[in-house]
Amino acid sequence: MIISKDTVVTLTYIVRDLEGKLLEESDEPVSYLHGGYDNIFPLVEEALEGKTAGDTADLKLQPADAFGEYEEELVRLEPREGFPDDIEVGMQFVGSPVDGSQEMLYTVTDIAEDKVVVDGNHPYAGQAVHFQCVVSDVRAAVADEIQHRHAHGAHGHNHH
């Protein structure tokens, strides 16, 4: 079966920076619903269109096409008392931006006596990456998956 709109694609992937350093690797195959549902980087979707199980995709992505450009305004200073006592640099937590838009994942980048610096950028924001993946399975999505716009089994614990 070939990858086209409303097929569920299962793949394993490796993301490296352009120097070849491993950034992220699928520890098990991930599945996504193909067809512009924003479940995977759009350029990866384009590259996979028309491929079948066993095929590979290998592409270099600019920051805007991968984890996003680095945005200074996503770095914030927060009062220390808003955080747990055992806070450490590198800890991540979900917070809502001031204007109440969607929640974001923040990473603690610095801790001073009464202030904590948190960064809402993805850890790999601003980096061009080398994305390689191998398609392990392609199947037609069931109506229920299309309705919910994500594949079952990819993140089985995300039932809303």
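This section reports on the structure supplied with the text. (Residues numbered from 1 in each chain as written. Predicted model: local features only at pLDDT ≥ 70, side-chain atom pairs only at ≥ 80, totals over all residues. Heavy atoms only, no water.)

A closer look at the overall build of the protein
For step 1, the next point in the chain: Within the protein, the secondary structure is distributed over 2 helices and 9 strands.
For step 2, the next point in the chain: Ordered by position from N to C terminus, the α and β elements of the protein give β-β-β-α-β-β-β-β-β-β-α.
For step 3, the next point in the chain: C-alpha extents for the protein along the principal axes are approximately 60 × 40 × 25 Å.
For step 4, the next point in the chain: Among the 160 residues that make up the protein, the fraction classed as buried is 36%. (Helix = DSSP H or I, 4+ residues; strand = E, 2+ residues; numbered from the N terminus. Buried < 20%, exposed > 50% of the residue type's maximum accessible area, 1.4 Å probe, protein only.)

Let's talk about the nonpolar core
For step 1, the next point in the chain: Grouped together as the largest cluster of nonpolar side chains are 22 residues, with contacts concentrated most on Leu11, Val44, Leu48, Leu61 and Phe131.
For step 2, the next point in the chain: Secondary-structure elements contributing two or more residues to this core are strand E1 (7–17), helix H1 (42–48), strand E4 (56–61) and strand E9 (129–140).
For step 3, the next point in the chain: Looking at which element gives the most residues to this core, the answer is E9, with 5 residues.
For step 4, the next point in the chain: With residues up to four places along the chain from it excluded, the contact list for Leu61 reads Phe41, Leu43, Val44, Ala66, Ala128, Val129 and Phe131.
For step 5, the next point in the chain: Formed by 8 residues, the second largest nonpolar core is a distinct cluster that contains Leu74, Met104, Val108 and Val116. (Core = buried A, V, L, I, M, F, W, Y, C linked by side-chain atoms within 4.5 Å. Contact = heavy atoms within 4.5 Å.)

So, the pattern of salt bridges
For step 1, the next point in the chain: Using the criterion set out here, one finds 2 salt bridges in the structure.
For step 2, the next point in the chain: Among the ionic pairs, Arg76 bridges to Glu78, the shortest N-O distance being 2.5 Å.
For step 3, the next point in the chain: Notably, a salt bridge pairs Glu145 with Arg139, separated by 2.9 Å at the nearest N-O pair. (Salt bridge = Lys/Arg side-chain N within 4 Å of Asp/Glu carboxyl O.)

No statement about biological role is implied by the geometric values presented.
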